[in-house]
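As a plain string of letters, each chain reads:
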Amino acid sequence: MNKLMVAGLVESKLDGNRIYFSMNRSNVADLISWLALLLLDTEFSHAA
């Protein structure tokens, strides 16, 4: 969970003795868009 928080994909809220986690939708959407561009909009060289 710590890595997700460092990456800015998750936020936490401390309420008494409980910790609530929520997704940072904006950052997750940006990451998905970047990955789609990276993975789908590049030339694929298939070794025969």
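Asker: Account for the pairing of strand β2 (residues 18–23), naming residues and giving values.
Answerer: Relative to β2, strand β1 (residues 10–15) runs antiparallel, the two sharing six bridges. By the bridge assignment, Val-10 is partnered in β2 with Met-23. Counting the residues that bridge the hairpin from β1 to β2 gives two residues, and of these Gly-16 lies at a positive phi of roughly 70 degrees.

Asker: With reference to specific residues and values, describe the side chain of Asn-24.
Answerer: Along the polypeptide, Asn-24 turns up in the loop between β2 and α2 (25–40). Look at Asn-24 and you get buried, because its relative accessible area is 17%. Within the structure, the side chain of Asn-24 is placed 3.2 Å from the side chain of Glu-11, a separation counted as a polar contact. In this view, Asn-24 contacts Gly-8, Leu-9, Val-10 and Glu-11; residues no more than four positions away in its chain are not counted.

Asker: Explain a nonpolar patch on the surface residue by residue, including any values.
Answerer: A contiguous nonpolar patch, built from Met-1, Leu-4, Met-5, Leu-14, Ile-19 and Phe-21 and spanning about 600 Å² of accessible area, is present on the exposed surface. Among the elements of the structure, α1 (2–6) and β2 are those that each provide at least two residues to the nonpolar patch. Tracing the backbone shows Met-5 in helix α1.

What counts, and where the lines are drawn
Residues numbered from 1 in each chain as written. Predicted model: local features only at pLDDT ≥ 70, side-chain atom pairs only at ≥ 80, totals over all residues. Heavy atoms only, no water. Pairing = 2+ DSSP bridges. Helix = DSSP H or I, 4+ residues; strand = E, 2+ residues; numbered from the N terminus. Buried < 20%, exposed > 50% of the residue type's maximum accessible area, 1.4 Å probe, protein only. Polar contact = N/O pair within 3.5 Å; in protein donor to acceptor, adjacent residues only side chain to side chain. Contact = heavy atoms within 4.5 Å. Patch = residues over 30% accessible without salt bridge, like charges linked within 9 Å, V, L, I, M, F, W, Y side chains within 5 Å. Areas by Shrake-Rupley, 256 points an atom, 1.4 Å probe, with all protein chains shown as cover. Salt bridge = Lys/Arg side-chain N within 4 Å of Asp/Glu carboxyl O.

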